[in-house]
Amino acid sequence: MYRRSSLPPKLANPRLPPTDPMMSKLPADRGDSAPSAPVVQPPAVAAPSQPARELVDHRGGSAPASCFAERRRRVAERMDPVSAIVLPGGVVQHSSRDSEYPFRPDSELYWATGIEEPEAVAVLLRRGAELEWQLFARERDETAELWTGPREAPQALAERLGAARGRGLSELPSALAELLAEVDTIYFRLGAHPRIESHIIEALQRARARGAREGTGPRRVVDPGELLDDLRMIKDAHEIERIRAAADLTLRGFEAGLAEVRAGAGEWQVQAALEAAF
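So, a few notes on the structure that sits alongside this text. (Residues numbered from 1 in each chain as written. Predicted model: local features only at pLDDT ≥ 70, side-chain atom pairs only at ≥ 80, totals over all residues. Heavy atoms only, no water.)

1. Section: the overall build of the protein
Move 1: Summing up its helical and strand segments, the protein has 10 helices and eight strands in all.
Move 2: The buried share of the protein, taken over its 278 residues, is 35%.
Move 3: At a minimum sequence separation of 6, the contacts of the protein that also span at least 24 residues come to 63%.
Move 4: Surface exposure of the protein reaches about 17500 Å², of which carbon and sulfur atoms provide 54%. (Helix = DSSP H or I, 4+ residues; strand = E, 2+ residues; numbered from the N terminus. Buried < 20%, exposed > 50% of the residue type's maximum accessible area, 1.4 Å probe, protein only. Contact = heavy atoms within 4.5 Å. Areas by Shrake-Rupley, 256 points an atom, 1.4 Å probe, with all protein chains shown as cover.)

Following this line, the structure appears as structure tokens:
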């Protein structure tokens, strides 16, 4: 049932047709040595022949503070008259015990405040026509900063971003309970930030305990997407400029990476060229 070849029956492929050219190249006699297959080098990919485009260097920092202030004003217009929105930031992810993935700021937190710090939390408060926001960030840590770089102190970060007050994360549990005690509605995404959610639940429990006597305190939690999703879909001038910048930088990076693609090149070389252009 197997075609005669130099391969043992267990290794011969019965699915190949008798006229398969690969099978016809196999020696008929088991004593013959199979010729070594020639090494085929993949063709080198030439760098793009078109002239390099004149691209503007868009890596010029964040949006101005007035841009974020206008976004918060638009958010406040949608909030209940006495309410608070709690926006936690992302956390640093580790690939092993001592290796960190590049940190990406939380999209909603950055859009509303400009915060790019890991683990930061912003609380936007509306009391009628008054809008205030406070931030909580990691405290300075000389030992950790030897490895991860310098941190900005919470109050300095607040002053730079225009927050009314900046405090360390160690103050978050007590401060959050105080800030949420007088609001009627809390905007917070349940199930997404367990470390913050416990504080939200505690605020609700306190309101339930004293609400019958005082008639104050939060009684419901609403997903912040109800406020933010539609607003973030409509891009302002700064966002449009950044999208165009991202497209240009992506093209620049892939052109640089493509120029390094050739026989024998390692993927790390291509990655290095791509990231250097970014």
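2. Thoughts on the packing of helix H2 (residues 65–78) against helix H8 (residues 225–233)
Move 1: Closest axis-to-axis distance for the H2/H8 pair is 10 Å, and the angle between their directions is 135 degrees. Regarding the angle of H2 to H8, the classification is oblique. Crossing hand, H2 versus H8: right-handed. Seen from H2, the contacting residues are Arg74, Val75 and Arg78; seen from H8, they are Glu226, Leu227, Leu228, Asp230 and Leu231.
Move 2: Grouping the constituent residues of the contact of H2 with H8 by class yields four nonpolar, no polar and four charged. (Axes fitted to C-alpha atoms, helices over the stretch in contact; angles between N-to-C directions. Parallel < 35°, antiparallel > 145°, perpendicular 65-115°, else oblique. Left-handed = near helix turned anticlockwise from the far one by under 90°. Nonpolar A, V, L, I, M, F, W, Y, C, P; charged D, E, K, R; others polar.)

3. Details of H8
Move 1: Within the span of H8, buried status applies to Gly225, Leu227, Leu228 and Leu231. Each buried residue of H8 lies within a common arc of 155 degrees when the element is viewed along its axis, so the set occupies one face. With respect to the buried face of H8, the exposed residues turned more than 90 degrees away are Glu226 and Met233.
Move 2: Along its buried surface, H8 packs onto H2, strand S1 (82–88), helix H3 (107–113) and strand S7 (185–187). (Arc of directions from axis to C-beta.)

4. Points about the sheet that holds strand S6 (residues 165–168)
The pairing of strands in a sheet comes from backbone hydrogen bonds and takes either a parallel or an antiparallel form.
Move 1: Taken in spatial order, the six strands line up as S6-S5-S4-S1-S7-S8 in an open sheet, and their pairing is mixed. Sheet topology places S6 and strand S8 (220–222) at the edges, where each strand pairs with a single neighbour. Each neighbouring strand pair of the sheet contributes to a mean axis angle of 20 degrees, computed without reference to strand direction.
Move 2: Examined bridge by bridge, strand S5 (residues 130–137) and S6 share four bridges and lie parallel to one another. Residue pairing across strands places Ala137 opposite Gly168, the latter belonging to S6.
Move 3: Packing against the sheet, H2 makes contact with strand S4 (121–127), S5 and S7, and its axis sits at approximately 115 degrees to S5. (Pairing = 2+ DSSP bridges.)

5. Focus: the nonpolar core
Generally speaking, a soluble globular protein has its nonpolar side chains buried in company with each other.
Move 1: Ranked by internal contacts, the top residues of the largest apolar core, which has 23 residues, are Val75, Ile85, Ile115, Trp133, Leu135, Leu227 and Leu228.
Move 2: Contributions of two or more residues to this core are made by S1, H3, S4, S5, helix H5 (154–161) and H8.
Move 3: Excluding residues within four positions of it along the chain, Val75 makes contact with Trp111, Leu227, Leu228 and Leu231.
Move 4: Core analysis: the next-biggest nonpolar cluster, separate from the first, contains 19 residues, Leu169, Leu172, Leu179 and Ile200 among them. (Core = buried A, V, L, I, M, F, W, Y, C linked by side-chain atoms within 4.5 Å.)

6. Observations concerning the packing of aromatic side chains
Move 1: Evaluation of the coordinates by the stated rule reveals one aromatic pair.
Move 2: Note on Phe68 and Tyr110: the rings are 5.5 Å apart at their centroids and 80 degrees apart in plane angle, and the pair reads as edge-to-face. Remark: Tyr110 occurs in helix H3 and Phe68 occurs in helix H2; sequence separation between them is 42 residues. (Phe/Tyr/Trp six-rings, centres within 6.5 Å; stacked < 30°, edge-to-face > 60°.)

7. Looking at the pairing of S4
Move 1: Buried residues dominate S4, accounting for six of its seven residues.
Move 2: A loop of two residues connects S4 with S5, the two strands running antiparallel in sequence, and Gly128 in this loop sits at a positive phi of about 70 degrees.

8. Quick notes on the pattern of salt bridges
Move 1: By the definition in use, this model includes 12 salt bridges.
Move 2: A salt bridge links Glu108 to Arg189; the shortest N-O distance between them is 2.8 Å. Of this pair, Glu108 sits in helix H3 while Arg189 is found in the loop between S7 and helix H7 (194–214), placing the two residues 81 residues apart along the sequence.
Move 3: The class of Glu108 is buried, set by a relative accessible area of 10%.
Move 4: Look at Arg189 and you get partly exposed, because its relative accessible area is 26%.
Move 5: Salt bridges sharing partners connect three or more residues here, namely Glu70, Arg73 and Glu77. (Salt bridge = Lys/Arg side-chain N within 4 Å of Asp/Glu carboxyl O.)

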